[in-house]
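Tertiary structure, described
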Amino acid sequence: MGVRGWWAARGLRVASGCWWPVAAPGPAAAGATSRRLCAGGAPSLSYQQLKDLKKTSVLHIDVRERWEVDRSGKIPASVNIPLGELVEALQMDPMEFKDRYNQKMPSKSDPVVFSCLAGTRSKQALGFAMSLGFSRVQQYAGGFEDWIKHEPPETK
């Protein structure tokens, strides 16, 4: 299955380097507007959109400091790369990235979502990643504060 087929099988359509939810056929879809899920001025992800994307192979990077994650927990299946390490991490040798963060290094065309506590640092992370050539990046601006309103965090 090609890349586009893989995304289509997950209810998303890839166009212009962005993820687009595929509207269900039928009258409810007529006239419905798509919500664009990419960085170019698009709205940030909602809790539900992030939860849905986490069912795919999106890499979710939490850019809070390690002590914040240790103290408060994290969004399940996210990897902690503090904002101060992010630019270096996104330019590492893939084996070094895997060794340090226990995750496959994302390619510049892989989907990546950034989050932090409440959106400020994730927005900076989004800008850093885009400046390095990452084309399918997004942020969860509600961050950890929003996530814990919906479900408990993952703790060590």
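This report concerns the structure included in the present document. Remember, predicted model here, so these are calculated numbers, not experimental data.

Each turn of an α-helix holds 3.6 residues, which means side chains three or four residues apart point in the same direction. The residue sitting at the N-terminus of helix 5 (residues 94-101) and contributing the capping side-chain oxygen is D93; that oxygen lies 3.0 Å from the backbone nitrogen of M95. Following helix 5 by one or two positions, N102 has its phi on the positive side, about 55°.

Counting across every chain of the model gives eight salt bridges. A salt bridge links R64 to D62; the nearest nitrogen and oxygen atoms lie 2.8 Å apart. For R121, the salt bridge goes to E68, with nearest N and O atoms at 2.7 Å. Taken together, the residues R121 in helix 6 (residues 120-131) and E68 in helix 3 (residues 66-72) connect sequence positions 53 residues apart.

What follows is about the sheet that holds strand 5 (residues 112-115). With respect to topology, four strands assemble into an open sheet ordered 4-3-5-6, the strand pairing being parallel. The outermost strands of the open sheet, each flanked by one partner alone, are strand 4 (79-80) and strand 6 (137-140).

On to the nonpolar core. Ranked by size, the top nonpolar core spans 22 residues in total, and within it I61, V63, I81, L86 and F114 carry the most contacts. Only strand 3 (59-62), helix 4 (83-89), helix 5, strand 5 and helix 6 provide two or more residues apiece to this core. Each residue touching I61, except ones within four places of it in the same chain, is listed here: V79, I81, L86, V112, V113, F114 and S115. The next biggest cluster of nonpolar side chains, apart from the first, holds ten residues, and it includes L50, V58, Y140 and W147.

Conventions and cut-offs
- Residues numbered from 1 in each chain as written.
- Predicted model: local features only at pLDDT ≥ 70, side-chain atom pairs only at ≥ 80, totals over all residues.
- Heavy atoms only, no water.
- Polar contact = N/O pair within 3.5 Å; in protein donor to acceptor, adjacent residues only side chain to side chain.
- Helix = DSSP H or I, 4+ residues; strand = E, 2+ residues; numbered from the N terminus.
- Salt bridge = Lys/Arg side-chain N within 4 Å of Asp/Glu carboxyl O.
- Pairing = 2+ DSSP bridges.
- Core = buried A, V, L, I, M, F, W, Y, C linked by side-chain atoms within 4.5 Å.
- Buried < 20%, exposed > 50% of the residue type's maximum accessible area, 1.4 Å probe, protein only.
- Contact = heavy atoms within 4.5 Å.

The quantities given are spatial measurements derived from coordinates; they are silent on function.
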